[in-house]
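For reference, the chains in residue letters:
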Amino acid sequence: MAILSLNVQTILAGLTIGLLVYKAIKRMRYRLPPGPWCIPLIGHYKVYGSVEIHKKIAELSKKYGPVVRISFGPQMWIVLNNIDVTLEAMVKKKADFAGRPKFNSGEVFTEGGKDIAFTSYSPTWKFHRKIAGKALRHYLQGDLLENMVQDNAEKFLNKMAKEKEPFFFKDYVDLMIFHQLYTLCFGEKRPVDDPEVKALLKLDNDLFDLFGTGLLEDIVPYLKDIYPTAKWKKFNKMMGEILHLLHTKFKQHVDTFSPDKNRDFIDSLLMARQEAENEGDEAALEKLEDTYLVQTIGDIFFAGVDTTRFAMDWFVYFMTRFPEIQTKCQEEIDRVVGSGHPSMKDRSNLDYTEACLFETLRLANVAGLGIPHKTICDTQVGGYDIPKGTTVVINFWALHQDPKHWKDPEQFDPSRYLDEEGKMKPIRPDSWLPFSAGRRVCLGETVAKPELLLLCANLLQRFDIRLPDGVKANPEHNMKGFGIELPSDYKIVVKERIEN
Ligand code: HEM
C-alpha cells in the first residue's frame, strides 16, 4: 500500500514538474515583455489585489517600459502603458488582440459567452456587434436622442430645483442615467422614485462593491466546483436577479411586438430577427436566439449605465472645483442654445463645453483598465512576443497621464482640445483614448458623446452649481477596483439661473 501511495505521489510530482518544465521551455521560445519577479502561482498579489492597480502598474512601467508583464495569480497578463504600443496592438495588428479571456464570473453573467462585450472574437460576435451597432444608430436619427435626454433630465432637474439644503449630486445622476437606459433599452418612462429602477441601481452598486477586489474563483477557477466562497455564491444570486429582469423585459416585448412600430432598442433587435425570418435566413436566425438578444440588451444597458453616470459625476465635480470654467460653459450655452432646449444641431457649436467633457473623460478613469483583451494568435507588440491566448489590458490611466503627451497632466485644462478660434481641434490629442480603439472600440461611443454633452448642457443651462458655503473640494478619490475611480462623495447646492 505504502509502495502504491509512494508511486502515486511520485507520478503526481513528476507530472507537475514535467508540466512546469514544459511551460518553461515553451516560454523560452518567446521574447516575453519584462516584469518584476513574483511567487509562482500567487503572482503579483500586491498589484492585482490593489484598488490602485492602474497606478501600481504605471509605476512598474517606469522601470520596465510601456509593455509590462505581471502575474495575475497563475495567469500571465500583459499591460499596455502608452499610446504607441496600444495603437500598435489594437489597430495595427488588426484582430490579433481582439479576443477576450474566459473567466468564471464572465461565464455566469454572459450565460455561457452569448454577449458582445466579454465574448471572444468570432463570426458570431461580429454578427451581434453589427446588429447592436445598427440598433444604436437608430437613436442618432432626427431628434430621438435629444428628446429622450430632455424628457429624462427634466424630471430630475425639476426635483433637484426643490432641494433647499446641500445634497449629493450622485443620488440624482445615478438614477437619472438608469432611467435614461430604461427608456433606451426598454422604452419605459418611469416616475422619478420608481422602486424597480432604484432596486436595479442598488443591485448594480452592490455588484460593483463585490467585484471591487475581484473574485477568488476568477483567479483559481476550479475553486467554484470544490469550495465556492460566500462571495461567489452571493455574486451568483445577484446575477440571477439581473438576468431574470432582462429576460422578463425581453419576453414582454416579444409578446407585444409589432414589426411596424419601433418602441426601443429591444424592438430594433426583434426587427432584425423578423427580417431574417422574412428572408428565410436560417443561419442568422440561429444566432438571433433569445438568450443572445437578452445578452446584447444587457451589454448596452450595463456598459452604458455605469460609464455614463460616473462620467457625469466627474463632470459636475470639476464644475464645482472650477466655477470660472462653469461660467464659461454657461455663457457658451446661453449664446448657442438660448432659452430653448439643447439639441443635436447645437452640438457643433458647444465647443468649450465639449472640451470640458473631453477633459473630464481624460482625467476620470471611468472605464478603469477597460475589458481585458486576449491574443487570438502568436503576435508581437513593442518588440516583444505575445503568445496566443495571453490576456492583455490597456492602462488608460497611464495613457491619459503620460507627461510626454500632456503638459501638467493632472490639471483640468479644456484648452488642450481647442484651436485659437476656440473651436474643437479636428484631430483629438494623440494620447486621448477613453473609448479604446480598434476592433473592440466602445460600441456606444457615438451615442455616449452626444448624450453626455446634451446632459451637461441641460444641467448648466438651468443651474449654477456650487459646493456648500465653506466647503472645499475633496482631492481624494473613491477607488472602485480594476482602475475605476470616482470623486469622493460630495454635496452640492444648486440655484436656478432663471427664476421660474
Ligand atoms: C463615458 C462613456 C463611455 C466610456 C468611457 C466607454 C468606454 C469603453 C471602453 C474603454 C470599452 C472597452 C474597449 C476595449 O475592450 O478595448 C468599452 C466597451 C464597450 N462599450 Fe463603452 N463606454 C462608454 C459608454 C458606453 C455606452 C453609452 C454604451 C452603450 C450604449 C457602451 C457600450 C459598450 C459595449 C457594448 C462595449 C463592448 C464592445 C466589444 O467588446 O466589442 N459604452 N466602452
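Residues numbered from 1 in each chain as written. Predicted model: local features only at pLDDT ≥ 70, side-chain atom pairs only at ≥ 80, totals over all residues. Heavy atoms only, no water.

S.K.: For this particular structure, what's the right way to read the overall build of the chain?
M.R.: For the chain, the helix and strand inventory stands at 19 helices and 11 strands. A globule of 500 residues ought to have a C-alpha radius of gyration of about 23 Å, and the chain, at 24 Å, matches this closely. Projected onto its principal axes, the C-alpha positions of the chain cover 90 × 55 × 40 Å. For the chain, the residues scored as buried account for 53% of the 500 residues in total. Carbon and sulfur atoms make up 57% of the accessible area of the chain, which totals about 24,100 Å². (Helix = DSSP H or I, 4+ residues; strand = E, 2+ residues; numbered from the N terminus. Rg over C-alpha atoms; globule rule 2.2 N^0.38 Å. Buried < 20%, exposed > 50% of the residue type's maximum accessible area, 1.4 Å probe, protein only. Areas by Shrake-Rupley, 256 points an atom, 1.4 Å probe, with all protein chains shown as cover.)

S.K.: Looking at this structure, I do not really get the coordination of the iron atom of the ligand. What am I missing?
M.R.: When four donors bind a metal tetrahedrally, each ideal donor-metal-donor angle is 109.5 degrees, and when six bind octahedrally, the ideal angles are 90 or 180 degrees. Of all protein atoms, just one serves as a donor to the iron atom of the ligand, and that atom is Cys442 (SG), at 2.3 Å. Along the chain, the position of Cys442 falls in the loop between helix H18 (396-400) and helix H19 (445-462). (Donors = N, O, S within 2.8 Å, 3.2 Å for Na, K, Ca; no water.)

S.K.: How do you make sense of the environment of Met479 when you look at a structure like this?
M.R.: Mapped onto the fold, Met479 is located in strand E9 (residues 477-481). For Met479, a relative accessible area of 17% gives the class buried. Separated by 426 residues in sequence, Met479 and Ile53 have C-alpha atoms that sit 9.9 Å apart. When residues no more than four places from it in sequence are discounted, the contact partners of Met479 are Val51, Glu52, His54, Lys55, Ile484 and Glu485. (Contact = heavy atoms within 4.5 Å.)

S.K.: Looking at this structure, how should I read the packing of helix H17 (residues 351-363) against H19?
M.R.: The relative placement of two packed helices is expressed as an angle between their axes plus a distance between the axes. In the contact formed by H17 and H19, the axes pass within 10 Å of each other and the chain directions differ by 115°. As H17 packs across H19, the resulting crossing turns out to be right-handed. Residues Thr353, Glu354, Leu357 and Phe358 of H17 pack against Lys449, Leu452, Leu453 and Cys456 of H19. Residue composition of the contact of H17 with H19, grouped by class: 5 nonpolar, 1 polar and 2 charged. (Axes fitted to C-alpha atoms, helices over the stretch in contact; angles between N-to-C directions. Left-handed = near helix turned anticlockwise from the far one by under 90°. Nonpolar A, V, L, I, M, F, W, Y, C, P; charged D, E, K, R; others polar.)

S.K.: Please clarify how the site of the ligand should be interpreted in this entry.
M.R.: In the vicinity of the ligand there are 26 residues, among which Arg100, Arg129, His373, Ser436 and Cys442 approach most closely. A distance of 2.7 Å separates an oxygen atom of the ligand from a polar side-chain atom of Arg129. The contact in question runs from an oxygen atom of the ligand to an N or O atom on the side chain of His373, over 2.7 Å. Contributions of two or more residues to the shell around the ligand are made by helix H6 (123-137), helix H15 (290-321) and H19. At 5 residues, H15 tops the list of elements feeding residues into the shell around the ligand. In terms of residue class, the shell around the ligand is built from 17 nonpolar, 6 polar and 3 charged. (Near = heavy atom within 4 Å. Polar contact = N/O pair within 3.5 Å; in protein donor to acceptor, adjacent residues only side chain to side chain.)

S.K.: I keep staring at H6 and nothing clicks. Help me out?
M.R.: Side chains of residues three or four places apart in an α-helix project in the same direction, reflecting 3.6 residues per turn. In this model H6 runs 21 Å from its N-terminal to its C-terminal C-alpha over 15 residues, within 8% of the 21 Å that 1.5 Å per residue would give. Listed as buried for H6 are Trp125, Phe127, His128, Arg129, Ile131, Ala132, Gly133, Ala135 and Leu136. Turning to H6, the residues buried within the fold contact helix H8 (169-186), helix H13 (265-278), helix H14 (282-287), H15 and H19. (Expected span 1.5 Å × (residues − 1).)

S.K.: Explanation requested: the sheet that holds strand E4 (residues 373-374) in the structure shown.
M.R.: Think of a sheet as strands paired side by side through backbone hydrogen bonds, with each pair either parallel or antiparallel. Taken in spatial order, the 4 strands line up as E1-E2-E7-E4 in an open sheet, and their pairing is mixed. Two strands bound the open sheet, and with one partner strand each, they are strand E1 (67-72) and E4. The pairing of strand E2 (residues 75-80) with strand E7 (residues 391-394) spans 4 bridges and is classified as parallel. Its bridge partner lying in E7, Leu80 is registered against Ile394. Lying over the sheet, helix H3 (residues 53-64) contacts E1 and E2, oriented at roughly 130° with respect to E1. Packing of helix H4 (residues 83-92) onto the sheet brings it into contact with E1, E2, E4 and E7, and relative to E2 it is tilted by some 115°. (Pairing = 2+ DSSP bridges.)

S.K.: What's the story with the pattern of salt bridges in this structure? I'm lost.
M.R.: For side chains bearing opposite charge, pairing can occur when the charged atoms are close. Applying the stated rule across the entire model yields 33 salt bridges. As a salt-bridge pair, Lys251 and Asp255 come within 2.9 Å of each other at their nearest N and O atoms. A residue pair is termed a helical-turn pair when its members lie 3 or 4 positions apart in one helix, as Lys251 and Asp255 do in helix H12 (residues 230-256) at 4 residues. Notably, a salt bridge pairs Lys345 with Asp346, separated by 3.9 Å at the nearest N-O pair. The exposure class assigned to Asp346 is buried, which follows from its relative accessible area of 7%. What you see here is one network of salt bridges that share partners, running through Lys170, Asp174, Asp204, Asp306 and Arg309. (Salt bridge = Lys/Arg side-chain N within 4 Å of Asp/Glu carboxyl O.)

S.K.: For this particular structure, what's the right way to read unusual backbone geometry?
M.R.: What you tend to see is this: most non-glycine residues have negative phi, and most peptide bonds are trans. Unusually for a residue other than glycine, Leu41 sits at a positive phi of about 75°. You can see Leu41 is positioned in the loop between helix H1 (2-28) and helix H2 (45-48). Despite not being glycine, Asp408 shows a phi value in the positive range, around 45°. Inspection of the secondary structure assignment puts Asp408 in the loop between H18 and H19.

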